[in-house]
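Each chain, written out:
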Amino acid sequence: DSGVTQTPKHLITATGQRVTLRCSPRSGDLSVYWYQQSLDQGLQFLIQYYNGEERAKGNILERFSAQQFPDLHSELNLSSLELGDSALYFCASSPGLGNTEAFFGQGTRLTVV
Amino acid sequence: GQNIDQPTEMTATEGAIVQINCTYQTSGFNGLFWYQQHAGEAPTFLSYNVLDGLEEKGRFSSFLSRSKGYSYLLLKELQMKDSASYLCAVRLSAGFSGGYNKLIFGAGTRLAVHP
């Protein structure tokens, strides 16, 4: 158990809908990262937050947004969902701004039908 | 741009040694990580190199050559449970990624260990 908690584990929704994925980082970790992993694909970096502020952005679509709250949990919002958004979404956390390894949650499997 | 290359698939025999290579071309470099990922599960940290040379950790070792943009993960005394994907990831230095470190991953190498 990495100490990073993601909910829900599985999510099935229809095209055009909006969903929110939640991540609670390890106790004491200030950085949260979101990654997308499509079938047989590598981990694609989406976005990083540190202590409530956005710090780095990757290949995140405009339909996607994220935030980190004062209690350090983070949410990834996906809207106007398309079939191609079906993927595993991982959250990871680390104590600082990337000076150590990141610990990954178990992921949320999103299926868009 | 950022580019990380690994072989897509490898096979090996239980008890043997296997080397998984990773080459990278990135704007800025501040460390290389190896993660293991079983299908449908979270990646788990294996090793970290920031200086040239070999880091050994039990059955796993990782090597880095920054001048060549090259790393490898060496797995010894292979066990069936080592069948998984192995992900090479580069941490970009802050100056090249908007002021903060960013970890980017290769597509992973799927290792199948056979009896």
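Procedures and definitions
- Residues numbered from 1 in each chain as written.
- Chains lettered and ligands numbered in written order.
- Predicted model: local features only at pLDDT ≥ 70, side-chain atom pairs only at ≥ 80, totals over all residues.
- Heavy atoms only, no water.
- Helix = DSSP H or I, 4+ residues; strand = E, 2+ residues; numbered from the N terminus.
- Rg over C-alpha atoms; globule rule 2.2 N^0.38 Å.
- Contact = heavy atoms within 4.5 Å.
- Areas by Shrake-Rupley, 256 points an atom, 1.4 Å probe, with all protein chains shown as cover.
- Lys, Arg positive; Asp, Glu negative; His and termini not counted.
- Charge placed at Lys NZ, Arg CZ, Asp CG, Glu CD.
- 1 Å grid on protein atoms, 1.4 Å probe; cavity = no way out; pocket = protein on both sides within 12 Å on 5 of 7 lines; lining within 4 Å.
- Points joined across faces, edges and corners; volume = space filled by probe spheres on them.
- Nonpolar A, V, L, I, M, F, W, Y, C, P; charged D, E, K, R; others polar.
- Pairing = 2+ DSSP bridges.
- Axes fitted to C-alpha atoms, helices over the stretch in contact; angles between N-to-C directions.
- Buried < 20%, exposed > 50% of the residue type's maximum accessible area, 1.4 Å probe, protein only.

Participant: Just checking my understanding: could you explain the overall build of chain A for this structure?
Facilitator: On a plain count of helices and strands, chain A comes out with 0 helices and 11 strands. Secondary structure elements of chain A occur, N-terminal to C-terminal, as β-β-β-β-β-β-β-β-β-β-β. Taking 113 residues into account, the globule formula puts the C-alpha radius of gyration at 13 Å, and chain A, at 13 Å, falls close to it. In terms of overall dimensions, chain A has C-alpha extents of about 35 × 25 × 25 Å along its principal axes. For chain A, the share of sequence-separated contacts (at least 6 apart) that also reach a separation of at least 24 residues comes to 55%. Carbon and sulfur atoms form 46% of the exposed surface of chain A, whose accessible area is close to 5200 Å². For chain A, the centre of its 8 positive side-chain charges and the centre of its 11 negative side-chain charges are spaced 3 Å apart.

Participant: Is there a simple way to think about the layout of surface pockets in this case?
Facilitator: Space left empty within the atom packing is revealed by a probe, the size of a water molecule, rolled over the atoms. The calculated volume of the second largest pocket comes to roughly 260 Å³. Lining the second largest pocket are 13 residues; nearest its centre among them are Gln44 and Asn59 of chain A together with Gln2, Ile104 and Phe105 of chain B. Those elements giving two or more residues to the lining of the second largest pocket turn out to be β5 (44–50) of chain A together with β1 (3–5) and β10 (102–105) of chain B. Residue composition of the lining of the second largest pocket, by class: 7 nonpolar, 5 polar and 1 charged.

Participant: Teacher, can you tell me more about the sheet that holds strand β3 (residues 19–24) of chain A here?
Facilitator: Strands in a sheet are paired, the pairing made by backbone hydrogen bonds, and the direction either parallel or antiparallel. Residues and elements named next belong to chain A. Taken in spatial order, the 4 strands make up an open sheet running β1-β3-β8-β7, and their pairing is antiparallel. Pairing within the sheet leaves two strands with one partner each, and these edge strands are β1 (5–7) and β7 (64–68). Strand-to-strand twist of the sheet, defined as the mean angle between neighbouring strand axes without regard to direction, takes the value 15°. With 5 bridges connecting them, β7 and strand β8 (residues 74–78) associate as antiparallel partners. From the neighbouring strand, Gln68 faces β8, where its bridge partner is Ser74.

Participant: Please clarify how the pairing of β5 of chain A should be interpreted in this entry.
Facilitator: Regular strands have side chains that alternate between both faces of the sheet. Residue and element names in this part refer to chain A. Counting buried positions along β5 yields 5 of 7 residues, so the element is predominantly enclosed. Pairing of strand β4 (residues 31–37) with β5 involves 6 bridges; the strand directions are antiparallel. Each residue of the ladder has a partner; that of Val32, found in β5, is Tyr49. By the bridge criterion, 4 bridges tie β5 to strand β6 (residues 53–57) in an arrangement that is antiparallel. Pairing of Tyr49 across the sheet is with Glu54, part of β6.

The analysis is restricted to geometry; functional conclusions fall outside its scope.
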